[in-house]
Structure formats: C-alpha cells, structure tokens
Protein chains: 2
Amino acid sequence: MITVQEAETLILSHRPSSGTELVELDQSNGRTLAQSVIADRDFPPFNRVAMDGIAIEFKDFNNGQRSFPIGGIQAAGSPQLSNNPEQCLEVMTGACLPENTDTVIRYEDLSIENNVASLLIEKIKPGQNIHKQATDRKKGEVILTNDTLIRPAEIGILATVGITRPEVYKLPSVTVISTGDELVDIEQTPLPHQIRKSNVHTLVALLKSLGIEATTLHLTDSKTEIRTTLETVLNNTDVLMLSGAVSKGKFDFLPEILEELGVVKHFHKVQQRPGKPFWFGTTSSCTVFAFPGNPVSTYCCAIRYFKPWLENCLHLNPTSDSARLTEEVKFDKPLTYFLQVKTSIENGQLLAQPVPGKGSGDLANLTRANAFLEIDKETNLAKKDSLHRLWWF
Amino acid sequence: MITVQEAETLILSHRPSSGTELVELDQSNGRTLAQSVIADRDFPPFNRVAMDGIAIEFKDFNNGQRSFPIGGIQAAGSPQLSNNPEQCLEVMTGACLPENTDTVIRYEDLSIENNVASLLIEKIKPGQNIHKQATDRKKGEVILTNDTLIRPAEIGILATVGITRPEVYKLPSVTVISTGDELVDIEQTPLPHQIRKSNVHTLVALLKSLGIEATTLHLTDSKTEIRTTLETVLNNTDVLMLSGAVSKGKFDFLPEILEELGVVKHFHKVQQRPGKPFWFGTTSSCTVFAFPGNPVSTYCCAIRYFKPWLENCLHLNPTSDSARLTEEVKFDKPLTYFLQVKTSIENGQLLAQPVPGKGSGDLANLTRANAFLEIDKETNLAKKDSLHRLWWF
C-alpha cells in the first residue's frame, strides 16, 4: 500500500495532452491559454486624456497665462485635433490628446465663461492627467504568456488586442461510471435494500464546475457486462472515472477486468482514510481513476487526486493551501486522514474547524464542510493551531 | 459624494426578487435552493454493511464460537437474507445487514476454507463495521435548508432523496451596455484614435462565471440613440449594467437620460479610487449599475458592488475576507483606495502583495492581481501587516 505522497507523484507523472483548440472569446473564461499574446499596439495606443477638462500647452501656463479661449472639443473616438497657440481644446476622457497640447486640467479646476476657460488653481504639473502612450505595455511586448489561466481580466486583454478566438488547451473527455446493483436512478423509488445514485451526480457537477461536460453510464455487478462496456469506453474517452467495486467484495471485479483489458495498474490502495481502495491506471489513450464507492471516499479522491491531475494536464500549477486547526484532532491509525473542515478567515488567518461526520458513508455531512484537511499519517494527534494542507471542495 | 460604506448599504437595501424556478439537478450547481429538503428515508435507510466480509451474531462469538459455516452471500442490491443459527453470511459493502446478524468481520481478519470462515483475531466489538440505519439523518429531518448554495455535495444529497428538479432562485436577466465613440468591435482594426471594446467582454465573462448569460449592446455618444435604446431596455431587463459616460464629459449623457427616463438615482459618485463617478439607480423593475468606463474602475465596481448585490438577491450572505498587507502602502487622498493585490497563503496567513499598476486605465495590470484590497479613506498610510477587507476577482 503506497502513501498519499507516492500516489500523488505517480498520478501527476501521467500528463497526457489533449491538444489545443480555438474557442470563442466569450466562452474562454476558466480555460488555459495555449498561445502567448503580443500587444498589437502600445497600451495605451495614444496619449490618452485621463480626465474631462481642457488641454493646453504647459509653456503657456508657465508664461503666466491663466485664461484660455476654447478652440473646440476633442471627443473620445474622434481623430486627433490640433490646438492653436495660446488657446485650449476641451478634451474628454478616452480621447487622444490634441496636437500642440501636453497638459490636461480638470473641469473641477476651471470656470468657463463666454467660451474662455479660466483656471481656479495656481498649481499644475506639466503632463498631468494624461495616460501616456505605451506607459502600461509596449507594442510587440508579450502581455499574456502561454499557460495563463483566462479570467475576466484576461478576456479584457484578449479583446483589446483583437483575439476573437484564443487558442486554449483542450479539456479531456470524461466518462463517469457508477457501479453497484443497489443503485437506482433518482426518479425511481428505491426498494428497502436499494439506494438512489448520488456519486455520479456529485462527480458530474464537480466536472461541470471544472468546465467538463461528462458522459455517464451505469454498470450492474455483472462481469460480462462490465468487461464489454469498459472495452468500448476505454477506447473512446480520455478519462474514465469509476465509483465503487474496487475493494475486497465478491463483486468487486473492476481491478481484475481493467488489468485484463490492458490498463496498466499504477497502484491499488493508498494509506488514507477515506478512500483506501482507490485504484489508478492508464492505457496509451485513457487515464483511469477507480474510486471507492462510499460517497465521501469518492468525493475526497476526486478533490485530492483528480483535480490536481487535471490542472497539471491543463498546464496550471496545482497548488494547495495550508490552514490552522481550531481544535485538537486525534486519529491514531497509520493512515493519512482527510478530515472534513469548515474554513473561515479570522484576522487574516485561514482556520479549519473540524466537522468530522460519521464516516465515509455520511454524505450529508459533506454539506457542512467546504474542504478536506490532510492530516499526515505520522500525526496521531493533530494539535490545536497546527498547520495542515487544505483541499477546497 | 457618499462613502463606500454608504454606497454598499444603499445598494444592498435594494433586493428585488426574480422569483424561483425548477432546474434540472445536473444544471443546479452554483444555484441557491429556494426550498428546504427533507430526508425521504433514514440516512442510511437500512443497517448498511460497511466492510466486505461476514456477518454473524455477536452472541455466538461471545459463546466461544470462532468458525462459522457460510450460509450464502448478501450482495449489495439484493433483498435482505436471514442468517441461520451459528452460521454466517458473506456480506458486501453497501448491502443491508442480514436478519439475525449484528456484527461484521472483515475478510482481512478471516481465513475461509471449505465454505467455513474462521477468525484470525481474538477481539471484535458487537455491532462493528455496520453503518447503522438513521445514524446520519432521520426520515423527515430537514437535510438542506432553504437558501443553501448548491455545490457538488448538495447535488449528491438531492439525488439521494430523489429530487430531479430542485427549486432555486431565478437569476436576474442582465443587459451590459458599452458606450463611447472610441470603441470598435474586437474583430475590427482600430483607427489611431480608437480602441477595441474590452469592458463589455470582461463583464460578460464575470457574469457567466456567476451563472448569468448576459445580453450586450453598444451605444454611441448620441443623446437620441441613448434615450431610445435605454427606454426599451429598462423595461426588458432585471439589471442594466453600463460602462462609461457617467463623468463630467460633454458626452456623458447617461445620468441625465436615466433620470429623465424615470430611473430613481440613489447616488452618483463615491469617495473611492478607482470608480469615483459610479452611478446607481432603480426603477420598479430594473436595477441600474452605471460604472465609470476605465477598465479597472468598471471591474472594481462590478466586484465590489454588483457581486455582493447579486449574492444578496440570491439569498446568499455576501462576505468579504480580510488579508494582511505585505508592505507599506501610501495613499493620502481622502478616498477609499482599492489596491490591486496578489494573494497567497503562508503559514495559514492570507497575505496581500500590492501590484498597484498605473491607474484605472491600466487593464493589463489586472492580470497580475487576483483581488482588490480595500484601504479605508481615513488611512493615509497602510502599514505592513495591517489587515484590510479583501475582494477576490
């Protein structure tokens, strides 16, 4: 049985590429750029008026001039005008600075009468209230690097440089399969010994939040059915995510069948609770995450292993934060313990309040938590205020 | 000019309801429950076997019996079997515990030969390895309250109780309008005095991440066009989000036209940087956020005011965290300063590293940050390690 760290390393070492694709800009939020983005113009592309008011030549002010006849209006979106000597032009935020001007004075600092603007202040700085051309970025400069996560701000940049369809890394296709004869569809009324499917819906929702529309299937505990279905699925999906049938039960056929079908097993079982029977393997085209079927186990493994794996495949750095325990926690098994916690930030401190629940079958408890705290297997008694890695749901 | 706190209070006091709707379970992630959810059965619904192994009666063990003839297999998903006296049944995780048994022993602690299971251990506890009926929740108990944010774990719960279409609060319809004659579409090559639209794309992406598919429009700086378009839009959208034309410019017609069209102004201008000219108003059916047009101003106002307003409308508690400054920041204007920062968590501390950028026109700088730190207007010198409210992008 391997450790959590060994499992993590093995999983992250498998990093298949799904290639890249072009997507519509307005659909690209949350994706990773697979191109670098160059400034097609200076940022800003011209000396940009940054305040509504008038534009003058500073030397006129310096020569003692305090009143300026208004020669016209330089609107945003209009071609650049030219100012006459010892006059001014009204200028609007976003306009290009008129020729023969170098300083902008805000309306707040002016009185305007009979088309003459007079200063109400005695101190101005040459070049003030101008967002100078190329101050932020220069034409030709890389403004977004390859492997950047696209958020709304990056979408603004992509729009500015005219990229209507950015190149991004493709998301893998994922098939989620539930197993177990005790499971019925959610619209059905279960018999006394049955329960409704839940893991598959939890996983589909998690995948959707990561941008992936998963395909779903259900397998009964029949060896023939499992083998036939998996053989097809393995050739048609980038990721196969299974829930259940990986432990020691008489009908836990998955590990055996997956190996028969040529999936290379990288590990089976991890020194952890929940999720000990987790099985992981790959073919040349498919990565197989076979999670234990208890709801908390499935969810914990998906958060702790699948999500960082996906981020790694998408060229994002998988990171985990660390949080401080609000009370002592005892767990004396030689296993890494993924404790359910509710986090909060108090005085800038990220705190983790244990909400342990009643074991890996206690799905309802997950709704009280928002993260798993990873308590190392060497730690039998995690002290109040001790720091541990945190995995947000 | 009002303060940030006054603006926040005014905005949050307007809380129109868009009503509720039923959505498909697999589409409900990120929405807010508008119903409470009752357990339709006990959680778990039967005494559930929690380990693969055998089920026995503890009194037999207590009487010294250590070997048990196997009477059959209780599979998950099969109707409950009954155990014969002094025998055992093999039981699978997820199965219901057979009648006349009360204790489960794992395969790991057994040897099985000639259909007889013999114990390899000397100590067992009555009732072990059973997830007892109703341990987690009782039938009839409220398991999800009204106003719960639906995440993947909640979707698992909704599936378990058979809710295929949860009732959730409707999202408001939003129309995003950009203004300004200097703006051209992203597929166009701008003339020297023009720039491409970016704010509208940033806002659409932000709204999409909040679950809202926005409608977009562009208005040129023509009073007639603005009035005609806004008149129609105001009657057809729950939220009108504008960017630009709210300052002191000659073509900043929006505040005037909005009031002419019967929008009640709640404030114009907030003591803040960026985003001072922010205008906010309402009609009986529409909430109007008119943001200043500089990209950083627009984005900051959307994050600081619109997002909490939306959360409040959706019955979620808008919260902000607080983070610790990593270095001293000077800002001596009598304005609240929204500083762009890059956050990190170190030793459980949420830290905010200033990445101030070059003003409200410096869109590119937003890509270096991931939050705004709100430095109060009374604070001219924010010290290293001081705590401030944080607004994640």
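Description of the structure in this document. From a predicted model like this one, the values you see are computed outputs, not experimental measurements.

Bringing a positive patch on the surface into the picture now. Taken together, the side chains of A:Lys123, A:Lys125, B:Arg273 and B:Lys333 present a region of like positive charge at the surface. We classify A:Lys123 as exposed; its relative accessible area is 76%.

Let us now look at the interface of chain B and chain A. By a widely used convention, the size of an interface equals the accessible area lost when the partners come together. Taken together, the 93 residues of chain B in the interface contact 93 residues of chain A. Between chain B and chain A the total buried area reaches about 7,200 Å² when both faces are included, carbon and sulfur atoms providing 58% of it. Remark: the boundary between chain B and chain A carries four salt bridges. As a salt-bridge pair, A:Lys250 and B:Glu90 come within 3.4 Å of each other at their nearest N and O atoms. Here the side of chain B that touches chain A takes eight residues from helix 3 (residues 152-160) of chain B, the largest share from any one element. The residue inventory of the side of chain B that touches chain A, partitioned by class, reads 37 nonpolar, 28 polar and 28 charged.

Our next topic: the sheet that holds strand 13 (residues 174-179) of chain B. Residues and elements named next belong to chain B. Ordered by their spatial adjacency, six strands build an open sheet running 16-13-17-21-20-18, and the pairing between neighbours is mixed. Pairing within the sheet leaves two strands with one partner each, and these edge strands are strand 16 (215-219) and strand 18 (264-268). Strand-to-strand twist across the sheet, computed as the mean angle between neighbouring axes with direction ignored, equals 15 degrees. The sheet contact formed by strand 13 and strand 17 (residues 239-243) spans five bridges and is parallel. Paired with Ile177 across the strands is Leu242, a residue of strand 17.

Residue and element names in this part refer to chain A. The final tally for this structure, using the stated rule, is 30 aromatic pairs over all chains. Of the aromatic side chains, those joined through ring pairs into one cluster are Phe267, Phe278, Phe280, Phe289, Phe291, Tyr305, Phe306 and Trp309. Between the NZ or CZ atom of Arg304 and the centre of the ring of Tyr305, over which it lies, the distance is 5.3 Å.

Basis of the calculations
Residues numbered from 1 in each chain as written. Chains lettered and ligands numbered in written order. Predicted model: local features only at pLDDT ≥ 70, side-chain atom pairs only at ≥ 80, totals over all residues. Heavy atoms only, no water. Patch = residues over 30% accessible without salt bridge, like charges linked within 9 Å, V, L, I, M, F, W, Y side chains within 5 Å. Areas by Shrake-Rupley, 256 points an atom, 1.4 Å probe, with all protein chains shown as cover. Salt bridge = Lys/Arg side-chain N within 4 Å of Asp/Glu carboxyl O. Lys, Arg positive; Asp, Glu negative; His and termini not counted. Charge placed at Lys NZ, Arg CZ, Asp CG, Glu CD. Buried < 20%, exposed > 50% of the residue type's maximum accessible area, 1.4 Å probe, protein only. Contact = heavy atoms within 4.5 Å. Buried area = accessible area lost by both parts, 1.4 Å probe. Helix = DSSP H or I, 4+ residues; strand = E, 2+ residues; numbered from the N terminus. Nonpolar A, V, L, I, M, F, W, Y, C, P; charged D, E, K, R; others polar. Pairing = 2+ DSSP bridges. Axes fitted to C-alpha atoms, helices over the stretch in contact; angles between N-to-C directions. Phe/Tyr/Trp six-rings, centres within 6.5 Å; stacked < 30°, edge-to-face > 60°. Lys NZ or Arg CZ within 6 Å of the ring centre and 35° of its normal.

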